[in-house]
Protein chains: 2
Amino acid sequence: MIKLEDMGSFHIGGKEIHVNNQQEERRHFTPGADPLIINPNGYHEVEQMYVQYFIPEREKGRYPLIFMHGGAMTGVAYENTPDGREGWVNYFIKKGWSIYNTDAVGRGRSGWNGYADSFKEAPIHLPKHDPFERFRIGDGKASYHKNPENMKVLPGSQFPIKSYDQFMKQLVPRWINNEKETVSAYLSLLEKTGPSIILAHSQGGLFAIEMALNHPSLVKGIILIEPTISVDIKHPDAFTNTPILLVYGDYIKPGNRWYKHMQNTLNSLKVLKKYNSKIDMIDLTKKGIFGNSHLPMLDLNSIAVANIIQEWLEKRQLYR
Amino acid sequence: MIKLEDMGSFHIGGKEIHVNNQQEERRHFTPGADPLIINPNGYHEVEQMYVQYFIPEREKGRYPLIFMHGGAMTGVAYENTPDGREGWVNYFIKKGWSIYNTDAVGRGRSGWNGYADSFKEAPIHLPKHDPFERFRIGDGKASYHKNPENMKVLPGSQFPIKSYDQFMKQLVPRWINNEKETVSAYLSLLEKTGPSIILAHSQGGLFAIEMALNHPSLVKGIILIEPTISVDIKHPDAFTNTPILLVYGDYIKPGNRWYKHMQNTLNSLKVLKKYNSKIDMIDLTKKGIFGNSHLPMLDLNSIAVANIIQEWLEKRQLYR
């Protein structure tokens with residue numbers, strides 16, 4: 001049972017651009033009806049961001065949670081698992097958290113517009129083998145196979161492997177180099193929600209750090225699920241009062257890509273330790289939780305991982 | 001207060017394609033990290049559809065409602081209004097309806113894939129003047145102006161005109177000529193939900209008709225909000241047991257585009273009358289509801305229009 005005080009959605013951020021010198025298009029929208037002439041010249045709204053929110057009947061979190069997904073994904077990553085179990089949205093609402101679940105700029109319901117500079121380059125459409133081999137589901141290169149029985153899955157993997165195609169249906173195109181526009185929309189969201197806790201996966205981690213740098217007083221906690229952060233943090237004092245949790249799954253070994261991402265992230269965040277005594281790192285395997293891919297919100301043990309996050313939120317007194 | 005037995009989402013439909021002979025791409029995903037080599041050759045999932053569902057604590061509808069949006073839109077059209085009021089999703093959940101709110105193929109969270117034939121042509125990105133002048137918000141051609149004070153709005157318009165830019169943020173690119181793939185995904189949804197009632201806006205009306213033609217026993221009612229239907233219905237007997245409601249807003253006058261759409265739709269559906277005595281057409285102005293644009297779910301009087309639909313559902317004994 002889910003009891004909500006309110007739920008809804010909105011778009012936030014973005015800007016207006018003016019398009020010139022494009023040809024009119026004569027397009028046939030409706031079979032059997034007259035064709036339409038579309039004149040694209042004029043004003044367009046671009047780079048906005050879609051947010052869906054849920055406010056529980058009895059709020060127990062001290063601040064709302066802002067969910068930020070990883071590259072090629074949308075907020076759907078937190079709504080369900082490919083094999084049809086409940087996602088983290090339901091889990092955290094039931095715990096009494098208000099949730100703002102986002103689609104980053106250009107992904108999913110945020111839309112995109114080919115006339116904006118940020119969308120002029122062709123986006124990446126990931127083929128099935130790529131996340132399988134890169135996100136620690138399969139055992140590295142050439143481990144994907146069309147037939148699930150012939151896939152070389154990592155031993156003990158908790159990914160719902162029979163639903164791998166269903167996972168691939170969740171993915172959306174990814175444009176490169178629109179970080180600035182994405183951060184801008186996230187900052188607008190934070191100004192709207194007020195003080196919040198950020199839960200960010202993978203690419204989202206970078207945006208979470210930027211939000212705290214820009215609005216230190218509005219970011220009350222940061223949960224980073226295998227973030228990919230390689231930046232020079234210029235104002236580490238912005239994080240003085242922000243508890244941070246880093247969560248890492250299984251199969252991260254010296255030499256592999258995720259080990260490098262982890263080292264880069266830890267190097268980037270090292271400077272914060274001088275200013276912040278509330279940084280925790282959880283290696284799930286050290287908690288007895290094994291088999292996690294880069295997508296712990298989708299793995300078969302996703303609720304065990306959510307429990308770890310909930311415990312940390314309680315420990316850091318962000319929960320009533 | 002919204003009390004839900006369950007809520008969640010899934011992707012449905014679509015197919016697998018194989019991509020050949022494309023160049024590998026070397027792309028820099030993460031600032032400061034190693035570039036990634038993406039090999040797009042291989043299998044891709046394409047043409048799937050995103051669906052979010054809500055099951056109320058006490059279900060009072062005899063069947064679930066499937067919400068289908070119009071062209072250039074997504075399920076967001078039913079979630080909120082541009083000026084921040086509750087959308088029809090909340091309204092109908094509170095009445096006790098189960099809801100499946102969809103993003104048609106290629107829109108929003110359904111994603112899209114440039115390697116599939118259905119997405120090879122460039123999509124349409126609507127400029128701000130186009131829906132304003134075409135969707136009966138402004139008074140026809142050249143009625144849009146960047147400054148809301150200089151817009152020529154139709155007299156008595158119920159569109160939340162100060163939030164027009166916010167409406168434009170909801171729109172997404174539209175590909176032409178993927179009707180077949182869209183209908184296919186909607187049929188998969190209907191097979192999953194079982195007997196259902198369809199509420200379809202504009203372009204969605206065409207898909208609703210195709211669903212009833214393909215699965216007459218699974219479509220228990222059809223609500224068409226200003227549909228754009230110009231087809232020859234070859235098996236009108238498929239609609240024998242399906243109550244149909246047509247809803248039209250204000251400013252539809254002989255000679256204008258929406259009058260033609262209405263005439264085309266009524267001509268297409270005329271053949272059904274021999275087989276079906278439960279076809280109702282509501283001209284909202286005849287009910288004393290004035291000022292509606294082509295987007296009554298967003299207009300200031302959106303709840304008055306929802307009430308009309310709810311009354312019809314009760315009259316047709318689709319509600320307990």
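Treat the numbers as computed from the prediction; the structure is a model and nothing was measured.

Quick look at the side chain of A:Glu181
With respect to the helices, strands and loops of the structure, A:Glu181 is situated in helix α4 (residues 179-193). The buried charged residue A:Glu181 lacks any salt bridge partner; its closest oppositely charged side chain belongs to A:Lys180, at an N-O distance of 4.2 Å.

As for unusual backbone geometry
Look at A:Tyr251: it is not a glycine, yet its phi comes out positive at around 65°. Note on placement: A:Tyr251 falls in the loop between β11 (244-248) and α6 (257-270). Phi is positive for B:Ala142, close to 65°, though the residue is something other than glycine. Considering the arrangement of structural elements, one finds B:Ala142 in the loop between α2 (129-134) and α3 (164-170).

Structural notes on the interface of chain B and chain A
Counting from both sides, the interface comprises 88 residues of chain B and, opposite them, 88 residues of chain A. The largest share of the area that chain B buries against chain A comes from B:Phe29, B:Arg109 and B:Lys169, three residues that together contribute 11% of it. With a closest N to O distance of 3.4 Å, B:Glu121 and A:Arg27 form a salt bridge. Counting across the chain B and chain A interface gives 43 residue pairs in polar contact (both at pLDDT 80 or more). Counting residues per element, the side of chain B that touches chain A draws most heavily on strand β1 (residues 2-12) of chain B, at 10 residues. Both strand β1 (residues 2-12) of chain A and β1(B) contribute to a ladder of three bridges, which runs antiparallel. The partner of A:Ile2 across the bridge, within β1(B), is B:Leu4.

Concerning the relation of the copies chain B and chain A
When chain B is fitted onto chain A, the two copies agree to an RMSD of 0.0 Å after a turn of 180° and an axial shift of 0.0 Å. The transformation just described matches what one would write down for a two-fold rotation axis. Counting the interface residues of chain B, we find that 100% of their copies in chain A are interface residues as well, pointing to one common contact surface.

Digging into helix α6 (residues 257-270) of chain B
All names here are of chain B. For α6, with 14 residues, the first-to-last C-alpha span of 20 Å sits near the 20 Å given by 1.5 Å per residue. Residues of α6 that are buried: Trp258, His261, Met262, Thr265, Ser268 and Leu269. The arc that holds the buried residues of α6, viewed along the axis, is 130°, so those residues lie on one side. Here the buried face of α6 lies against α2, α5 (204-214), β10 (219-225), β11 (244-248) and β12 (279-283).

Observations concerning the confidence of the model for chain A
Any residue range with low pLDDT should be treated as having predicted coordinates unsuitable for detailed reading. Residues and elements named next belong to chain A. Across chain A, pLDDT averages 96, with 100% of residues at or above 70. Within chain A, the element-level pLDDT minimum falls on strand β3 (residues 25-27), averaging 84, and the maximum on strand β7 (residues 65-68), averaging 99. What the predictor reports for the complex is a pTM of 0.97 with an ipTM of 0.97.

A short note on the nonpolar core
Counting residues in hydrophobic clusters, the biggest one holds 204 residues, and the most contacted among them are A:Trp88, A:Phe92, B:Trp88 and B:Phe92. In contact with B:Trp88, other than residues within four places in its own chain, are B:Phe67, B:Tyr78, B:Ile99, B:Leu199, B:Ile225, B:Pro296, B:Met297, B:Ser302, B:Val305, B:Ala306 and B:Ile309.

What counts and how
Residues numbered from 1 in each chain as written. Chains lettered and ligands numbered in written order. Predicted model: local features only at pLDDT ≥ 70, side-chain atom pairs only at ≥ 80, totals over all residues. Heavy atoms only, no water. Helix = DSSP H or I, 4+ residues; strand = E, 2+ residues; numbered from the N terminus. Buried < 20%, exposed > 50% of the residue type's maximum accessible area, 1.4 Å probe, protein only. Lys, Arg positive; Asp, Glu negative; His and termini not counted. Salt bridge = Lys/Arg side-chain N within 4 Å of Asp/Glu carboxyl O. Contact = heavy atoms within 4.5 Å. Buried area = accessible area lost by both parts, 1.4 Å probe. Polar contact = N/O pair within 3.5 Å; in protein donor to acceptor, adjacent residues only side chain to side chain. Pairing = 2+ DSSP bridges. Least-squares fit on C-alpha atoms with pLDDT ≥ 70 in both. Expected span 1.5 Å × (residues − 1). Arc of directions from axis to C-beta. pLDDT = per-residue confidence, 0-100. Core = buried A, V, L, I, M, F, W, Y, C linked by side-chain atoms within 4.5 Å.

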